Amino acid sequence: MASADAPDGTREGTALAVPFGGASVACWFCCPVWTVVCFLALPLALVGLVRACVEYRASAHGRTSRPHAVVGGALSLLGATAAILYLVFLATRPDLALQE
């Protein structure tokens, strides 16, 4: 539950961009079936990007840490880029998805 002095829904000390961004990148290293991973990593990365934007705006008022928001945004962007590029790769080579 957000505090009353945080109108945009952020709380002091609640940095969720880094965990979501880290999870979207870690999925690629933990699971060998990338066809499944891309459908898991993309939503995690998009949520991480949204949280990074919210936390970056909140850092202007001193409610969150700006470096955490930037790191979370970078990790989320990396995870989203990997997922999108892999989906494009599968779309151009549909026979590869059948081999897995």
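Quick note: structure is the one above.
The structure contained in this document is the topic of the report that follows.

Calculation criteria
The numbers attached to residues start from 1 for each chain and follow its sequence in the written order. This being a predicted model, a pLDDT of at least 70 is required before a residue's local features are given, and a value of 80 or more before pairs of side-chain atoms are given or counted; all residues contribute to the totals for chains, interfaces and linings. As a rule here, side-chain values come from all non-hydrogen atoms in the structure, and water together with hydrogens is ignored. Here, axes are lines fitted to C-alpha atoms. For helices the fit covers the stretch in contact, and angles between N-to-C directions go from 0 to 180 degrees. Numbering of helices and strands starts at the N terminus; helices are DSSP runs of H or I of at least 4 residues and strands are runs of E of at least 2. Here the word oblique covers every angle except those under 35 degrees (roughly parallel), over 145 (roughly antiparallel) and from 65 to 115 (roughly perpendicular). In this scheme the crossing of two helices becomes right-handed for a clockwise turn of the near helix relative to the far one and left-handed for an anticlockwise turn of less than a right angle. Only Asp, Glu, Lys and Arg are considered charged, only Ala, Val, Leu, Ile, Met, Phe, Trp, Tyr, Cys and Pro nonpolar, and every remaining residue, Gly among them, polar. Exposure categories follow from relative accessible area, calculated using a 1.4 Å probe and restricted to protein chains: below 20% of the type maximum is buried, above 50% is exposed, and the middle band is partly exposed. When checking whether two residues touch, look at their non-hydrogen atoms; a contact exists if any pair is within 4.5 Å. By nonpolar core is meant a set of buried Ala, Val, Leu, Ile, Met, Phe, Trp, Tyr and Cys residues that side-chain atoms within 4.5 Å join together. For a helix, the expected span equals 1.5 Å multiplied by the number of residues minus one. Centres within 6.5 Å are what make two rings of Phe, Tyr or Trp a pair, Trp counting through its six-membered ring; a difference in plane orientation under 30 degrees is then read as stacked, over 60 as edge-to-face, and the rest as tilted.

## Considerations on the packing of helix H2 (residues 34–59) against helix H3 (residues 66–92)
In a pair of packed helices, the angle between the axes and the distance between the axes together describe the arrangement.
Consideration 1: Their axes nearest at 7 Å, the elements H2 and H3 cross at an angle of 150 degrees. As the angle between them shows, H2 and H3 are arranged roughly antiparallel. H2 and H3 meet at a crossing whose hand is left-handed.
Consideration 2: Counted by class, the contact of H2 with H3 contains 17 nonpolar, seven polar and two charged residues.

## A look at the environment of Cys-27
Consideration 1: For Cys-27, the position within the fold is in helix H1 (residues 17–30).
Consideration 2: Since its relative accessible area comes to 14%, Cys-27 is described here as buried.
Consideration 3: Separated by ten residues in the primary sequence, Cys-27 and Val-37 place their C-alpha atoms 6.2 Å from one another.
Consideration 4: Setting aside residues up to four positions removed in sequence, Cys-27 forms contacts with Val-37, Leu-40, Ala-41 and Leu-44.

## Quick word on the nonpolar core
Consideration 1: Listed in full, the twelve residues of the largest apolar core are Cys-27, Trp-28, Val-37, Cys-38, Ala-41, Leu-42, Leu-44, Ala-45, Ala-80, Ala-83, Tyr-86 and Leu-90.
Consideration 2: Put simply, the parts of the chain that give this core at least two residues each are H1, H2 and H3.
Consideration 3: Ranked by residues supplied to this core, first place goes to H2 with six residues.
Consideration 4: Setting aside its immediate chain neighbours within four residues, Trp-28 contacts Trp-34, Val-37, Cys-38, Ala-41, Gly-79, Ala-82, Ala-83 and Tyr-86.

## Details of H3
Consideration 1: Over its 27 residues, H3 extends 39 Å from the first C-alpha to the last, a length consistent with the 39 Å expected when each residue adds 1.5 Å.
Consideration 2: Of all the positions in H3, only Ala-69, Gly-72, Gly-73, Ser-76, Gly-79, Ala-80, Ala-83, Tyr-86 and Leu-90 are classed as buried.

## Concerning the packing of aromatic side chains
Aromatic ring pairs are described here by two measures, namely the spacing of the ring centres and the angle between the planes.
Consideration 1: One pass over the structure, following the stated rule, counts four aromatic pairs.
Consideration 2: A centroid spacing of 5.8 Å and a plane angle of 80 degrees characterise the contact between Trp-28 and Trp-34, whose relative ring orientation is edge-to-face.
Consideration 3: The exposure class assigned to Trp-28 is buried, which follows from its relative accessible area of 12%.
Consideration 4: An aromatic cluster is built from Trp-28, Trp-34, Tyr-86 and Phe-89, whose rings are joined through pairwise contacts.

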